[in-house]
Amino acid sequence: MPITRSSISFADEFNTGSVSTLTNAVLGDIWTATIGIYFENIIDADQYAGLKIYADNTSNLLGYGGTTGKQFIFIDSSLASYYNEQYNEYQNLIGAEIQLRDGSGTLGTYTVDSLFFGLYKGVNGMAVICSDNVTLTNKTYNDGKLVVTEAITSGQIGYAVSNTSNNNDYTPTIEINSSQTATWATSSATLDATNTGSPVSLAYKFSGAYETGSLTIDGNGIANDRQSFIIVHTFKIVPISIFIDGSTTEPSDFNGRNNSKYNNLFSNGSGQGAYRLNSVFSNQLTGGISISSVTTSSSNNIVDELPNVAIFDETYLGFNTDYSITNFTILRTSDSEVADVPLVDVKFTVSFDIENATSSPFSNSNTKVKVGIENLNETIDNSEDYIQTYLSDYAITTLGAGAVAGSATGDAASITNYTATYNSATSVSISFDVDFTANGQTQIDANSEPYFSIYAVTQNHTLDYTNSDRSILNVFRGVGISNVLLDPITEVSTQFITAPYDDLATGIDASEIDGFPVQLICGITRFSADWSTRPDLRIDTISQNLVLKNSVTLEEIELDTTSIPVSTFNLIDGEYPNANYSALKGYKIPSSEVRNKIQVYNRFDLDSGDVHYYECVFPFFIRWEYYKQLILTSIPPSIIDTAEDFDGVNYDVYRIDALTNWSLNYRTTFNCSEGSTTFEQDFDYTIPTSDYNSHPDITARSITSFKEDGVTALNGLIESTEKTLIVAEFTYSVAPSAISDFEIELYIEAYENGSPTKIQRISSINSLLSGSWWTDTGAGDGLVLKSIDGSKAVGKAYIDNSILVNYDNYTIYATIYDPKRPTEYLLAENGDNLTDELGNKFIRDF
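Presented here is an overview of the structure given in this document. Everything quoted here is computed from the prediction, not taken from an experiment.

**Overview of the overall build of the protein chain**
A count of helices and strands for the protein chain gives four helices and 48 strands. Taking all 846 residues of the protein chain together, the buried fraction comes to 52%. Carbon and sulfur atoms make up 45% of the accessible area of the protein chain, which totals about 34000 Å².

**A word on helix α3 (residues 438-445)**
Those residues of α3 not exposed but buried are Gly 440, Gln 441, Gln 443 and Ile 444. The buried residues of α3 occupy an angular sector of 160 degrees when the element is viewed end-on, so they sit on one face. The outward face of α3, more than 90 degrees from its buried face, is lined by the exposed residues Ala 438 and Thr 442. Among the structural elements, β23 (368-376), α2 (386-389) and β27 (451-458) are those in contact with the buried residues of α3.

**A short note on empty space enclosed by the protein**
Inspection of the entire model under this criterion finds two cavities of 30 Å³ or more. In this structure, the largest cavity spans a volume of roughly 40 Å³. Thr 190, Leu 191, Asp 192, Asn 195, Ser 198, Val 200, Ile 217, Asp 218 and Gly 219 are the residues that line the largest cavity. Here the lining of the largest cavity takes three residues from strand β16 (residues 214-223), the largest share from any one element. In terms of residue class, the lining of the largest cavity is made up of three nonpolar, four polar and two charged. Put simply, the second largest cavity is a space of about 30 Å³. Class assignment of the residues belonging to the lining of the second largest cavity gives a composition of six nonpolar, no polar and two charged.

**Observations regarding the environment of Tyr 501**
In this structure, Tyr 501 sits in the loop between β29 (490-498) and β30 (520-530). Using a relative accessible area of 22% as the deciding quantity, one classes Tyr 501 as partly exposed. Put simply, Tyr 501 and Cys 522 are 21 residues apart on the chain and 9.7 Å apart in space, counted from C-alpha to C-alpha.

**Describing the sheet that holds strand β4 (residues 42-44)**
One open sheet accounts for eight strands, arranged β4-β11-β7-β8-β9-β6-β5-β10; its pairing is antiparallel. Each end of this open sheet is capped by a strand with a single partner; those strands are β4 and β10 (139-141). Recorded for the sheet is a direction-independent mean angle of 35 degrees between the axes of neighbouring strands. Where strand β7 (residues 97-102) lies against strand β11 (residues 145-148), four bridges are found, and the strand directions are antiparallel. Pairing of Leu 100 across the sheet is with Leu 146, part of β11.

**Some thoughts on the sheet that holds strand β38 (residues 662-674)**
One open sheet accounts for four strands, arranged β32-β31-β38-β39; its pairing is antiparallel. Looking at which strands have only one partner, the edges of the open sheet turn out to be β32 (556-564) and β39 (677-687). Neighbouring strand axes in the sheet, compared pairwise and without regard to direction, differ in orientation by 20 degrees on average. Note that strand β31 (residues 537-550) and β38 share 13 bridges and pair antiparallel. In the sheet register, Ile 542 faces β38, and the bridge partner there is Phe 670.

**Some words on the packing of aromatic side chains**
Across all of its chains, the model carries 25 aromatic pairs by this definition. Seen in terms of ring centroids, Phe 328 and Phe 476 are 6.0 Å apart; in terms of plane orientation they differ by 20 degrees. Their pairing is stacked. On the criterion of sequence distance, the pair formed by Phe 328 in strand β20 (residues 324-332) and Phe 476 in strand β28 (residues 471-479) is long-range, its members being 148 residues apart. Take Phe 328: its relative accessible area is 26%, and that puts it in the partly exposed class. For Phe 476, a relative accessible area of 11% translates into the label buried. Feature note: the residues Phe 496, Phe 620, Tyr 666 and Tyr 685 constitute an aromatic cluster, connected by ring pairs. The residue whose ring lies beneath Lys 723 is Tyr 798, and the NZ or CZ to ring-centre distance is 5.9 Å. Across from the ring centre of Phe 742, 5.3 Å away, lies the NZ or CZ of Lys 786, which sits over that ring.

**A closer look at the pattern of salt bridges**
Side-chain pairs of opposite charge can arise whenever the charged atoms involved come near each other. With the rule as written, the count across this model stands at 22 salt bridges. We note a salt bridge from Glu 593 to Arg 761, for which the minimum N-O separation is 2.9 Å. Here Glu 593, found in the loop between β35 (580-584) and β36 (597-602), pairs with Arg 761, found in strand β43 (residues 760-763); they are 168 residues apart in sequence, far enough to count as distant. For the pair Glu 593 and Arg 761, a shared accessibility class is recorded, and that class is buried. The partner of Asp 684 in a salt bridge is Arg 667, and the shortest N-O contact between them spans 2.8 Å. In this pair, Asp 684 is assigned in strand β39 and Arg 667 in strand β38, connecting sequence segments 17 residues apart.

**A look at the layout of surface pockets**
Put simply, the largest pocket is a space of about 390 Å³. As for the largest pocket, its lining consists of 22 residues, of which Ile 481, Ser 482, Asn 483, Ser 676 and Thr 677 are closest to the centre. For the lining of the largest pocket, a count of residues per class yields seven nonpolar, nine polar and six charged.

**Thoughts on unusual backbone geometry**
Put simply, Ala 499 and Pro 500 share a cis peptide bond, and its omega is 10 degrees. Of note, Pro 500 is situated in the loop between β29 and β30. Phi angles above zero are rare outside glycine, and Leu 391 is one such case at about 45 degrees. Relative to the helices and strands, Leu 391 is located in the loop between α2 and β24 (393-398). On the basis of relative accessibility, which here comes to 0%, the residue Leu 391 falls in the buried class. The backbone phi angle of Asp 573 is positive, close to 55 degrees, even though this residue is not glycine. Within the secondary structure, Asp 573 is located in the loop between β33 (571-572) and β34 (576-577).

**What about the nonpolar core?**
Trp 31, Ile 73 and Leu 100 are the most contacted members of the largest nonpolar core, which totals 56 residues. Among residues more than four places away in sequence, those in contact with Ile 73 are Ile 53, Tyr 54, Ile 98, Leu 100, Tyr 110, Met 126, Ala 127, Val 128, Cys 130 and Leu 146. One finds Phe 569, Ala 579, Val 600 and Ile 639 within the second-largest nonpolar core, a separate group that totals 43 residues.

**Some details on the environment of Tyr 323**
Inspection of the secondary structure assignment puts Tyr 323 in the loop between β19 (309-310) and β20. The class of Tyr 323 is buried, set by a relative accessible area of 3%. Considering only alpha carbons, one finds Tyr 323 and Thr 358, 35 residues apart in sequence, at a separation of 8.5 Å.

**Notes on the state of the cysteines**
This structure, assessed with the given rule, holds zero disulfides. With no disulfide of its own, Cys 522 lies closest to Cys 616 among cysteine sulfurs, the gap being 9.9 Å. Note on Cys 522: relative accessible area 0%, which makes it buried.

**A few points about the pairing of strand β22 (residues 348-355)**
Taking burial as the measure, the eight residues of β22 include six buried ones, the bulk of the element. Here β20 runs beside β22; their pairing, made up of seven bridges, is antiparallel. Paired with Ser 324 across the two strands is Glu 355, which belongs to β22. Here eight bridges tie β22 to strand β26 (residues 427-434), and the two strands are oriented antiparallel to one another. Residue pairing for β26: Phe 348 is matched across the bridge by Val 434.

Quick notes on the rules
- Per-chain numbering applies: the sequence of each chain, read as written, is numbered from 1 onward.
- With pLDDT at 70 or above as the cut-off, local features in this predicted model cover only qualifying residues; side-chain atom pairs require 80 or more to be listed or tallied, and sums for whole chains, interfaces and linings still use all residues.
- Side-chain numbers come from the whole structure's heavy atoms, not from hydrogens or water.
- Numbering of helices and strands runs from the N terminus; a helix is a DSSP stretch of H or I covering at least four residues, while a strand is a stretch of E covering at least two.
- To sort residues, take the accessible area from a 1.4 Å probe on protein chains only and compare it with the maximum for the residue type: under 20% means buried, over 50% means exposed, and anything in between is partly exposed.
- Working definition of accessibility: Shrake-Rupley area with a 1.4 Å probe, residue cover restricted to the visible protein chains.
- Relevant arc is that of directions from the helix axis to the C-beta atoms, nothing else.
- Pairs of residues are marked as contacts when any of their non-hydrogen atoms sit within 4.5 Å.
- Put plainly, a pocket is an open set of points on a 1 Å grid over the protein atoms alone with protein on both sides within 12 Å along at least five of seven lines, a cavity is a set where a 1.4 Å probe fits but cannot get out, and a lining residue has an atom within 4 Å of a point.
- Grid points are joined across faces, edges and corners, and a volume is the space filled by probe spheres set on the points.
- For this classification, Asp, Glu, Lys and Arg are treated as charged, while Ala, Val, Leu, Ile, Met, Phe, Trp, Tyr, Cys and Pro are nonpolar and the rest, including Gly, are polar.
- When DSSP locates at least two bridges between a pair of strands, those strands are taken to pair.
- An axis is simply a line fitted to the C-alpha atoms; with a helix, the fit covers only the stretch in contact. Between two such axes, the angle follows the N-to-C directions and lies from 0 to 180 degrees.
- Think of it this way: a Phe, Tyr or Trp ring, Trp meaning its six-membered ring, pairs with another when their centres are within 6.5 Å, and the plane angle makes it stacked under 30 degrees, edge-to-face over 60, tilted otherwise.
- Cation placement over rings: the criterion is NZ of Lys or CZ of Arg within 6 Å of the ring centroid and within 35° of the ring normal.
- Every case where a carboxyl oxygen of Asp or Glu lies within 4 Å of a side-chain nitrogen of Lys or Arg is listed as a salt bridge.
- We call a set of buried residues a nonpolar core when its members are Ala, Val, Leu, Ile, Met, Phe, Trp, Tyr or Cys and they connect through side-chain atoms within 4.5 Å of each other.
- Cysteine sulfurs are considered disulfide-paired once they come within 2.5 Å of each other.

Structure follows, in structure tokens:
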């Protein structure tokens, strides 16, 4: 044969020395095959009995019609198999240098001109026509030899580490087949068997995702007409991941090492596989004379070794490995923000421990651990090699050594700062950073989702090639994200405005509120967001919710909700919202009052660079409607009280808030988005509540009604034919010093038919809504008239009979506010109902 293997050895990354047979391997292994070969193309008459080599002038070659006077060398074809083999070899020898020899030495050196099949001396055979003139005639050489002496200057080598049953559309296995041949070829004529110690790197002849590793060839001398070379082939057992198509579910037919979809490169259908190396050498890079052509038949395989291959989390024999992964985390490197999954756009740090309490194999400064990461494309175009197609990078180190980087270069390089730390004989800690290149990020983003495999490989260093416990461990497989996007909204402050105040500057903290029934409060939240590195950030909605919440069971009862559609706002510079939104809440107070407007607006005066500030405003009542049923899909058992209306499932907020573990909460919710990532941020504040009669400075209180003259008492009645004067009196333990020390509000609603949008108010400081049932006492200002009577704070206003809607009963509330401690109380004269003169209309219920 023209090419013969003279030696072979295999070595991996984990063990010292080498073996002559490729033994146990695992997915992800990097192996180096060192192969000695020699080229020898000799036709020897001594090889077969009866075989003769002739040399004569072409004029004596029967049937030859070419130029006479040419030398030819005739090969007897009586042995068909040998004849056919030589014919196949010599077809491409046109232009090659050959020598004719016998026992005495070299008879002549010739250049092959052509081949001719003819008859010579009654024998059929193949004539090798030489371009040289005749020097030998009518010669028969029983011990003759034809020796191809052409110097090898280039070569191409096909190889396979393959699963012969692979039937995928994309074949990532490295194999010789009709559609793809993993072949290297020299880029220039540089091979020389006599030039030793200067290996030539062979580049891939064809592109493909099956391409891994490298191959060099080096001269190894010439002896006995044999041109010898050393081939060093480094290859990777791929693919690392089970899910080569990016699927998030395991293939239904995956059953381990023998499954074709798994692409176990060493499988030959019986759990083992062949490493094959087939070679073609020529004396020219392209065209010219082909010295040798070796087929892929088993008889011509230069290497045919059958290893066992271990898959994820298994031994070579298919049993579960004793190694395991614990304490796995992924953090964004810049700020240690928890990511849980790989990140595409920024550097992240992978950490985990490898445990083995069964064999306690770990030894500091001895045990090696390899880690790797791959991105799995949804489609494969075979335009790049395996490393780049899968952005496959790995790093190997010894326990206790310094930090190392990954092996990949160019766009696939991602691993840095890899360390493996010895904890004990049963545990080691692993940490490494991953940072994809810009081109790598673009490649990953071309998929509908970024799917990754992270793996680790280790073994007991005291075991050799044949009994190694090396295992590849599945650290992570699944979908990653572009980046850990932190919640974008920064709450600067949330304050609450109570009467008589109107702006954030006079707001108070939630803890200062004395949230009694029928108190109208306004929550104002100042917040900001930073668009400097997040131009795609969008605020979609801002919502306010008033909820009763159980701190133990986490049950919630929604009392009120309002939402602002920020996503409909125009954007400034295409990034942040231009907010000038205002919508009426619908309360029966003037629309200009802050407590009746749902708002969000820019605070340009606070902006700094790309950090932009806003304020949002949500008004709400402390709900009081014991007579209105709460419609709930699930009723918390703890709020049920059969003595109450609707068994306690009503809007009497203070009663429920007073129950164990329940509280009233004001919540602002921001819903934002950034690309495909959504955010929901809640900011909750507990609102304290109280009943009507708990002010520490008020010793008595009353509400009385008079005719329009203000003198004739109605004894709790409301006059239907004229205005009714309502007088609210608050007796202080210490007389108020000035009329400016307090403000008074009066509310009226239809008895057991009121709600936040039905109840009507008149205030001593805030304007009156046009068309209100209330009116002032004659000043025309629409305000409650305040006065001080000894230790009493007094507030007066009329009910306008001409506007009052006719109901049988009414409820009237009176409120007094201390500017430094806003507190509201229901005041009544004697606890009786207010009725009309006939006793059947206009009833006030306390």
